[in-house]
Amino acid sequence: MAKIVVSSFVSQYSFSQKTSTNTTNNSQKYTASNKGKFFISWGGNRESFSRSDIRFKGTNYDFTIRDASAKDKPKGWHIDYFKPTKITIPQTNLKIGYFISDKYAISFGMDHMKYVMNDNRNKIIDGYINLPNNELGSQYNGNYDNEVFFVSEDFLLFEHTDGLNYVYTEFSRFDDVSSIFNIQNTDKFQLNITEGLGAGILYPKTNATLLQKDRYDEFHVAGYGLSLNAGLNMTFFKHFFIQLDLRGGYINMPDIRTTSNTAESASQHFFYLQRVISFGGVFRI
């Protein structure tokens, strides 16, 4: 009877020790827990934009260009991504975040996009232009009722190229999927999928020349944006990661500055899609 009791005790103690050892080994992995970690990332993007109606209004004019199309303005792989004095020339993404739990994080970021309206093509225009006859741009005077109109550079140059700045807060989730791919030591390499929901303001620097008025190019809070994000995060040696993101969103800018006159403005809203590659680090303070 004593042998049975001793044997049972030894077996239970061995199992307890083994479980304790496994728990200790798991807890020793830096990547086993995210809560309390900070992360920062920097990267570049390409963008696509939906068509939008752009309304221009001011003294003696109020007209809308229907279904305006636009493109981005990529820099490509360039050293300017790392030059502090030229950091806003490429299309870039900055994000700083904190894990409030093992799976959830709150982050703050800025997507520096570039929006260039396609000009020198026929567009539908609706509204009126009634400038004084001695004023530049008066050659475009008229009442337009959904008419086909050639939008030239002399008539309108409209770009958010320094840029279409989306400053946002994001709530996101991280899921370690390393085990699906039989990755054993996540401290060497870890694979995560991420999803996020963000909201923020649009702070563009709009480069505009309208009706041959003086060029205007200043920063201004123009509206708000909403975004959804899905990504693949690859973490190397606990602290370094590469992240691929697909980000889609909605932008509404009811107050875009177009001239030095505060009574003149433009408005538009559209959807966008970003493809982002970022490089970053994750750490505890």
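The protein carries the name Outermembrane protein in an unreviewed UniProt entry, which gives Flavivirga algicola as its organism.

Attention shifts here to a nonpolar patch on the surface. The grouping of Phe38, Ile40, Leu94, Ile96, Tyr98, Ile100, Ile106, Phe108, Phe171, Phe283 and Ile285 at the surface amounts to a nonpolar patch, some 1000 Å² of accessible area in total. Of all the secondary structure elements, the ones that give two or more residues to the nonpolar patch are strand 1 (38–49), strand 5 (92–99) and strand 6 (104–117). With three residues, strand 5 is the single largest residue contributor to the nonpolar patch. If you trace the backbone, Ile285 turns up in the segment after strand 15 (265–283).

The next subject is the packing of aromatic side chains. Inspection of the entire model under this criterion finds 22 aromatic pairs. Both rings, one in Phe38 and one in Tyr98, keep their centres 4.8 Å apart while their planes meet at 50°; by these two values the pair is tilted. Taken together, the residues span a long stretch of sequence, with Phe38 in strand 1 and Tyr98 in strand 5 at a distance of 60 residues. Relative to Phe236, the ring of Phe189 lies with its centre 5.2 Å away and its plane at 45°, an arrangement referred to as tilted. Taken as a pair, Phe189 in strand 10 (residues 189–202) and Phe236 in strand 13 (residues 223–236) lie far apart in primary sequence, 47 residues in all.

Two faces, one strand: in a regular strand the side chains alternate between the faces of the sheet. Relative to strand 13, strand 10 is paired through 14 bridges, and the arrangement is antiparallel. By the bridge assignment, Leu197 is partnered in strand 13 with Leu228. Note: strand 13 against strand 14 (residues 240–257), 13 bridges, orientation antiparallel. Pairing of Met234 across the sheet is with Ile242, part of strand 14. From the end of strand 13 to the start of strand 14, which pair antiparallel, there are three residues, and Phe237 there has a positive phi angle of about 50°.

What follows deals with the pattern of salt bridges. Side chains that differ in charge, positive against negative, can pair when their charged atoms come close. Overall, the coordinates contain 13 salt bridges when judged by the stated rule. The closest approach of N and O atoms between Asp126 and Arg66, which form a salt bridge, is 3.0 Å. Here Arg66 lies in strand 3 (residues 61–68) and Asp126 lies in strand 7 (residues 121–129), a separation of 60 residues in the sequence. Look at Arg66 and you get partly exposed, because its relative accessible area is 27%. The partner of Glu135 in a salt bridge is Lys213, with the nearest N and O atoms 3.3 Å apart. Of this pair, Glu135 sits in the loop between strand 7 and strand 8 (142–151) while Lys213 sits in the loop between strand 11 (205–210) and strand 12 (216–219), and the two are 78 residues apart along the sequence. Three or more residues are tied together by salt bridges with common partners; here these are Lys95, Asp111, Glu170 and Arg247.

About the cut-offs
Residues numbered from 1 in each chain as written. Predicted model: local features only at pLDDT ≥ 70, side-chain atom pairs only at ≥ 80, totals over all residues. Heavy atoms only, no water. Patch = residues over 30% accessible without salt bridge, like charges linked within 9 Å, V, L, I, M, F, W, Y side chains within 5 Å. Areas by Shrake-Rupley, 256 points an atom, 1.4 Å probe, with all protein chains shown as cover. Salt bridge = Lys/Arg side-chain N within 4 Å of Asp/Glu carboxyl O. Helix = DSSP H or I, 4+ residues; strand = E, 2+ residues; numbered from the N terminus. Phe/Tyr/Trp six-rings, centres within 6.5 Å; stacked < 30°, edge-to-face > 60°. Pairing = 2+ DSSP bridges. Buried < 20%, exposed > 50% of the residue type's maximum accessible area, 1.4 Å probe, protein only.

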